[in-house]
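Structural characterization, general
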Amino acid sequence: ISIDTLRPDALSSYGNQRETSPRLDAFAREGVLFRQAVAASPWTIPSHSSMLTGLDPDVVGADVERKIPPGVVTVAEVFQAHGFATGAVVNGPFLDRHYGFDRGFDEFVALDAESKAAPEAIDRTIEFFERHAGGRRFFFLHLLDVHAPFDPPPPYDGLYVDPDGARDDVIPYLRKLHYHDYLWTAPV
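Our subject in this report is the structure included herewith. (Residues numbered from 1 in each chain as written. Predicted model: local features only at pLDDT ≥ 70, side-chain atom pairs only at ≥ 80, totals over all residues. Heavy atoms only, no water.)

Some remarks on empty space enclosed by the protein
For clarity, the threshold we go by: Grid points spaced at 1 Å and placed over the protein atoms alone form the basis of the search, with a cavity being a set where a 1.4 Å probe fits but cannot get out and a pocket an open set showing protein on both sides within 12 Å along at least five of seven lines. Lining residues have an atom within 4 Å of a point. Grid points are joined across faces, edges and corners, and a volume is the space filled by probe spheres set on the points. Three classes are used, and their members are as follows: Ala, Val, Leu, Ile, Met, Phe, Trp, Tyr, Cys and Pro are nonpolar, Asp, Glu, Lys and Arg are charged, and the others, Gly among them, are polar.
Tallied over the full model, the rule gives one cavity of 30 Å³ or more. Here the largest cavity is characterised by a volume of approximately 30 Å³. If you go around the largest cavity, the residues you meet are Leu52, Ile68, Thr74, Val75, Ala76, Gly100, Phe101, Arg103 and Phe105. Tallied by class, the residues present in the lining of the largest cavity amount to six nonpolar, two polar and one charged.

Quick notes on the pattern of salt bridges
Two side chains bearing opposite charge may form a pair once their charged atoms approach each other closely. Condition: Any carboxyl oxygen of Asp or Glu that lies within 4 Å of a side-chain nitrogen of Lys or Arg is treated as forming a salt bridge with it. Each residue gets one of three labels from its accessible area relative to the maximum for its type: buried under 20%, exposed over 50%, partly exposed in between, using a 1.4 Å probe on protein chains only. Think of it this way: any DSSP run of H or I at least four residues long counts as a helix, any run of E at least two long counts as a strand, and we number them from the N terminus.
Enumeration according to the criterion identifies six salt bridges in this entry. Here Arg66 makes a salt bridge to Asp63, at a shortest N to O gap of 2.8 Å. A relative accessible area of 46% means that Arg66 is categorised as partly exposed. Close ionic contact of Glu107 with Arg131 constitutes a salt bridge, the shortest N to O distance being 2.2 Å. Placement of Glu107 in strand S3 (residues 107-110) and of Arg131 in helix H5 (residues 118-131) is noted, with a sequence separation of 24 residues between them.

Observations regarding the nonpolar core
Our working definition: Only buried Ala, Val, Leu, Ile, Met, Phe, Trp, Tyr and Cys residues count toward a nonpolar core, and they belong to the same one when joined by side-chain atoms within 4.5 Å. Note on contacts: a residue pair qualifies if any of its non-hydrogen atoms lie within 4.5 Å across the two residues.
By size, the foremost hydrophobic cluster in this structure holds 16 residues, and its most contacted members are Ile68, Phe101, Phe105, Phe108 and Phe140. Mapped by element, the contributors of at least two residues to this core are helix H2 (44-53), strand S2 (85-90) and strand S4 (137-143). Setting aside its immediate chain neighbours within four residues, Ile68 contacts Ser49, Thr53, Val60, Ala62, Tyr99, Gly100, Phe101 and Arg103.

A closer look at unusual backbone geometry
Unlike most non-glycine residues, Thr5 shows phi in positive territory, near 70°. Mapped onto the elements of the fold, Thr5 is located in the loop between strand S1 (2-3) and helix H1 (22-30).

Okay, structure coming up:
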């Protein structure tokens, strides 16, 4: 599971005192939780190309203008070659077929990134596991829902808002860094 732009300190399993992520925390308790992991790059394409190939982003060379080269083997291709059912659901604009992230997946679904489609992505993931129950399988789920622009549905839209109306300085800070253009129209 890859959740774009999610900081570990936002999750209870990494020490957040609020119960922010009960299902992810349960998943972490049942699996392996890495306490110290470093992204190979500060943005999606090179970071994930590294994650899915095991190579440094400079070696893979994937970016907004170049996809994962044909000679570079992905982990999905290795699992597929060893008889695993392979599947992926992504809802981010930079992890689609155009950049070669579909290689090695028997089933690859790229959802509309603008829809913030985590519920649909999770439903499709569950369907994959039901179809391949009892078999060997490798699955990659990428979610973009916590990425800006921030427009969470109720009740999450007000869950961490200061009831006294104190303003957060995150948007002005990101504007100062010349973050994405849509921040210029975001309410302060």
